[in-house]
Number of protein chains: 6
Amino acid sequence: MEVSSRNQLKGNVKMIKKGPINSEVTVALPGGIEIVSVITTYSAEKLDLREGAEVYALIKASEVVIGKD
Amino acid sequence: MEVSSRNQLKGNVKMIKKGPINSEVTVALPGGIEIVSVITTYSAEKLDLREGAEVYALIKASEVVIGKD
Amino acid sequence: MEVSSRNQLKGNVKMIKKGPINSEVTVALPGGIEIVSVITTYSAEKLDLREGAEVYALIKASEVVIGKD
Amino acid sequence: MEVSSRNQLKGNVKMIKKGPINSEVTVALPGGIEIVSVITTYSAEKLDLREGAEVYALIKASEVVIGKD
Amino acid sequence: MEVSSRNQLKGNVKMIKKGPINSEVTVALPGGIEIVSVITTYSAEKLDLREGAEVYALIKASEVVIGKD
Amino acid sequence: MEVSSRNQLKGNVKMIKKGPINSEVTVALPGGIEIVSVITTYSAEKLDLREGAEVYALIKASEVVIGKD
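On a predicted model such as this, the values are computed, not experimentally measured, just so you know.

### Some words on the interface of chain A and chain B
Listed by partner, the interface residues are 33 residues for chain A and 33 residues for chain B. Carbon and sulfur atoms supply 60% of the area buried between chain A and chain B, which totals about 3000 Å² over both sides. Among the residues of chain A in contact with chain B, A:Val36, A:Ile66 and A:Lys68 are the three that bury the most area, contributing 21% of the side total. On the surface where chain A and chain B come into contact, there are two salt bridges.

So this is what it looks like as C-alpha cells:
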C-alpha cells in the first residue's frame with residue numbers, strides 16, 4: 001500500500017517498550033536521527049515489530065508543529 | 001520554551017507555500033531528509049518563517065504511524 | 001507497505017475537492033458509509049487519486065473520539 | 001451537542017479494554033466494519049461506556065490518511 | 001451527544017475566516033482566553049456557526065503538548 | 001523556543017498521573033479552566049513536571065473540534 005502521509009522516513013526499529021494498551025517504538029533513521037512513535041500494543045504485535053526490522057515512520061503534514069529559537 | 005514533543009528535528013526552512021488558511025512548510029534536515037508541515041498561514045507569518053531559517057519540526061509520538069514493507 | 005493504523009477501511013473515491021494547499025477526499029465504503037479525509041493536494045496528486053479508485057481510509061485509534069447520545 | 005467532526009459513525013460498543021491511563025474501545029458499525037478508538041480510561045468511565053451501548057465514532061477529516069494498493 | 005474529549009471549553013464564536021477547504025474559527029472563552037480551531041468550511045456551514053454563537057472547543061487529551069519555560 | 005501552535009495556554013500543573021507509557025497532566029489555567037494532556041511518561045520526566053510548575057498547554061488549531069448545543 002502507498003499512503004498519503006507526506007513524511008515517510010525509512011529506518012530500523014531500535015527499541016520497543018510495551019505497555020498494556022500502548023507501546024513506544026523507537027526508529028533509528030540513517031544519520032543518527034531517532035523518531036519515537038506510540039502505537040497500540042496490538043498493532044506492534046500485528047506488524048510483528050522487532051528490533052532491527054526495517055520500517056517507516058509515517059507522519060501526516062498537519063501533525064507537524066514548527067518551532068524556532 | 002521546552003516542549004514535551006518526543007520528536008524535535010532541527011533543520012532549515014527549504015520552502016514555504018502559502019494558502020489562504022494553511023501553509024506548507026518544508027524543513028530540510030541534515031543528511032537530506034525533508035519534513036513537510038502544514039500550519040496556519042497566521043502562524044507561519046507570526047514566526048516570521050523564511051527560507052533558510054533554522055527551525056525545529058516538532059512531532060508528538062502519538063501522531064507517528066509505523067509502516068512495514 | 002503494511003501500516004500500524006488500527007482502522008483500515010476499504011472503499012472507493014467518491015469525490016475530490018481540491019484547494020490550494022489541502023484537498024477533501026470522500027471515500028464511499030460498502031454499505032453506504034462515507035469517510036471524508038483532508039490531505040494535502042500534493043499527496044492527492046502524487047497518489048493519482050481519481051473518482052472510483054479503490055483506496056483505504058486509514059485512521060489511528062488515538063484520533064477517534066467517542067460520542068454518546 | 002452537535003460536533004464539527006466530518007465523520008460520525010453510529011455503532012455499538014463491542015469491547016472495552018482498560019489500561020491505567022488509556023482504554024481501547026471497539027465500536028461495531030452496521031455491515032461488519034469495526035472502529036477501534038483509544039481514549040482516556042477516565043473518559044470511558046465518565047461516559048459510562050458498556051458493551052452494547054449505542055455510540056458514535058467521531059473522526060476529524062484532517063486525521064484521515066488515504067492508502068492505495 | 002456527549003463526547004469523550006477530555007477538554008470541553010465553553011465560549012462564543014469571535015471570528016470565522018473561511019477558505020476554500022478549511023476555515024479558522026476563533027472562540028472566546030470567559031476570562032479572555034481565545035482558542036483557534038481549523039475545521040472544514042463544510043462543517044462550519046453545516047453547524048451554521050456565526051459570530052456570537054455559543055460553542056464548545058473540544059480537544060482530545062492526546063493532542064495537547066506541554067511546554068515549559 | 002517559540003512554536004507555531006496557535007493555542008498556547010499558560011497555567012500551572014495541578015496533577016500528574018503516571019502510567020507505564022503515557023501520563024496524564026492536568027493544567028489549571030487562570031479563571032478555573034483546566035486542560036488535560038496525555039504525553040509520554042518519558043517526556044513528563046524529561047521536562048521535570050511537578051505540581052505547581054508553570055507550564056503551557058500547546059494545541060495545534062487543526063486538532064480543535066467545535067461543538068454546539
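After that view, the rundown keeps rolling.
### Considering the sheet that holds strand 3 (residues 22-28) of chain D
One open sheet accounts for six strands, arranged 4(D)-3(D)-2(D)-5(D)-6(C)-1(E); its pairing is antiparallel. Every interior strand has two partners, whereas the edge strands, strand 4 (34-40) of chain D together with strand 1 (2-3) of chain E, have only one. Examined bridge by bridge, strand 6 (residues 65-68) of chain C and strand 5 (residues 54-59) of chain D share three bridges and lie antiparallel to one another. Opposite C:Gly67, over in strand 5 of chain D, you have D:Tyr56 as the bridge partner.

### Re the pattern of salt bridges
Where charged atoms from two side chains of opposite charge come close, those side chains can pair. All names here are of chain A. Tallied over the full model, the rule gives 30 salt bridges over all chains. With a shortest N-O distance of 3.6 Å, glutamate 54 and lysine 10 are connected by a salt bridge. Remark: lysine 10 occurs in strand 2 (residues 7-18) and glutamate 54 occurs in strand 5 (residues 54-59); sequence separation between them is 44 residues. Given the relative accessible area of 43%, glutamate 54 is considered partly exposed.

### Notes on the sheet that holds strand 1 (residues 2-3) of chain F
Taking strand neighbours across the sheet as the criterion, the six strands line up as 4(B)-3(B)-2(B)-5(B)-6(A)-1(F) in an open arrangement whose pairing is antiparallel. Two strands in the sheet have a free side with no partner beyond their single neighbour: strand 4 (34-40) of chain B together with strand 1 of chain F.

### Some points on the interface of chain B and chain E
Taken together, the twelve residues of chain B in the interface contact 16 residues of chain E. Carbon and sulfur atoms make up 55% of the surface buried where chain B meets chain E, a total of about 1100 Å² over both sides. Inspection of the chain B/chain E interface yields zero salt bridges. Summed over the shared surface of chain B and chain E, the result is three residue pairs in polar contact (both at pLDDT 80 or more). Per-class residue counts for the side of chain B that touches chain E are four nonpolar, five polar and three charged. Sheet analysis places strand 1 (residues 2-3) of chain B next to strand 6 (residues 65-68) of chain E, joined by two bridges and oriented antiparallel. Across the sheet, B:Val3 pairs through a bridge with E:Gly67, a residue of strand 6 of chain E.

### Thoughts on the relation of the copies chain B and chain E
You can overlay chain B on chain E at an RMSD of 0.0 Å; the transform is a turn of 120° with a shift of 0.0 Å along its axis. Seen this way, the second copy is the image of the first under a three-fold rotation axis. Proximity to the rotation axis, assessed at the C-alpha, singles out B:Ser62 in chain B; its C-alpha lies 4.2 Å from the axis.

### Quick word on the environment of B:Lys17
With respect to the helices and strands, the residue B:Lys17 is situated in strand 2 (residues 7-18). Residues B:Lys17 and B:Thr41, spaced 24 residues apart in sequence, show a C-alpha to C-alpha distance of 9.2 Å.

### Section: unusual backbone geometry
All names here are of chain B. Phi at aspartate 48 takes a positive value of approximately 55°, unusual for a residue other than glycine. By the secondary structure assignment, aspartate 48 is in the loop between helix 1 (41-46) and strand 5 (54-59). On the basis of relative accessible area, aspartate 48 is assigned to the partly exposed category, the value being 37%.

### With respect to the relation of the copies chain A and chain B
For the pair chain A and chain B, the best superposition has an RMSD of 0.0 Å and corresponds to a rotation of 180° with a translation of 0.0 Å parallel to the axis. Overall, the copies show the geometry of a two-fold rotation axis.

Calculation criteria
- Residues numbered from 1 in each chain as written.
- Chains lettered and ligands numbered in written order.
- Predicted model: local features only at pLDDT ≥ 70, side-chain atom pairs only at ≥ 80, totals over all residues.
- Heavy atoms only, no water.
- Contact = heavy atoms within 4.5 Å.
- Buried area = accessible area lost by both parts, 1.4 Å probe.
- Salt bridge = Lys/Arg side-chain N within 4 Å of Asp/Glu carboxyl O.
- Pairing = 2+ DSSP bridges.
- Helix = DSSP H or I, 4+ residues; strand = E, 2+ residues; numbered from the N terminus.
- Buried < 20%, exposed > 50% of the residue type's maximum accessible area, 1.4 Å probe, protein only.
- Polar contact = N/O pair within 3.5 Å; in protein donor to acceptor, adjacent residues only side chain to side chain.
- Nonpolar A, V, L, I, M, F, W, Y, C, P; charged D, E, K, R; others polar.
- Least-squares fit on C-alpha atoms with pLDDT ≥ 70 in both.

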